[in-house]
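# Notes for the structure review
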Amino acid sequence: INKLSQEVFENLKMKDTNKAKLNCEEIIRLDPNNIFALNNLGNLFALKNQYNEALSLFNRVLTIKPKYSLTLINKGHCLQKLQKYSEALSFYQKAVKINPNINNIYFSLGNCLLELKRYDEALINYKKALKVTPNFYPAYTNQGNCLRYLNKLDEAIISYKKAIEIKSDLVN
């Protein structure tokens, strides 16, 4: 299983998702409760927009290890893609309680809250995202969107300008 796990990493690095999928399936055949393989196979399904299949695998992982923050986030991403924002939000919130320093978790929380039109809460999360990753321009862009919806146009412009400053090709 260790050799197959290494092959999964190598195949993912080389963007060979078909081989990575086969490796994960073989690991699961040998060890049906291998959360590494189940989680990665779920991610591979999500990459192909097969969110229900991915969710089924993430649910299996969470049955085995309910507080596995990586899978909580992955499940949140799938639910968000399915436009189930309230459900996604609850999984992101569980993950952030377990590990508040996960990269981009606050951005994902902000995006769900933005979709739910909870702009003040979304803003708080975009600010937290920028504390974790200061030059993450999408957080500035979405922060600007929230401010615009809240009719705080001067502040929105500042956020948009910061996003453009970080990622100058946004204007092209």
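What counts, and where the lines are drawn
Residues numbered from 1 in each chain as written. Predicted model: local features only at pLDDT ≥ 70, side-chain atom pairs only at ≥ 80, totals over all residues. Heavy atoms only, no water. Helix = DSSP H or I, 4+ residues; strand = E, 2+ residues; numbered from the N terminus. Buried < 20%, exposed > 50% of the residue type's maximum accessible area, 1.4 Å probe, protein only. Contact = heavy atoms within 4.5 Å. Areas by Shrake-Rupley, 256 points an atom, 1.4 Å probe, with all protein chains shown as cover. Lys, Arg positive; Asp, Glu negative; His and termini not counted. Charge placed at Lys NZ, Arg CZ, Asp CG, Glu CD. Salt bridge = Lys/Arg side-chain N within 4 Å of Asp/Glu carboxyl O.

The next subject is the overall build of the protein chain. Helix and strand counts for the protein chain stand at 10 helices and zero strands. When the helices and strands of the protein chain are placed in sequence order, the string is α-α-α-α-α-α-α-α-α-α. Dimensions of the protein chain along its principal axes, counting C-alpha atoms only, are 60 × 30 × 25 Å. In the protein chain, which comprises 172 residues, the share counted as buried stands at 44%. Restricting to contacts in the protein chain with at least 6 residues of sequence separation, those with at least 24 account for 40%. Accessible surface computed for the protein chain: about 10,000 Å², of which carbon and sulfur atoms make up 52%. The average position of the 25 basic charges and that of the 15 acidic charges among the side chains of the protein chain differ by 3 Å.

Before going further, it helps to spend a moment on the pattern of salt bridges. For the coordinates displayed, the defined rule picks out four salt bridges. A salt bridge links Glu26 to Arg29; the nearest nitrogen and oxygen atoms lie 2.6 Å apart. Separated by three residues within a single helix, Glu26 and Arg29 lie in helix H2 (residues 17–30), roughly one turn from each other. Arg29 sits in the exposed class, given a relative accessible area of 57%.

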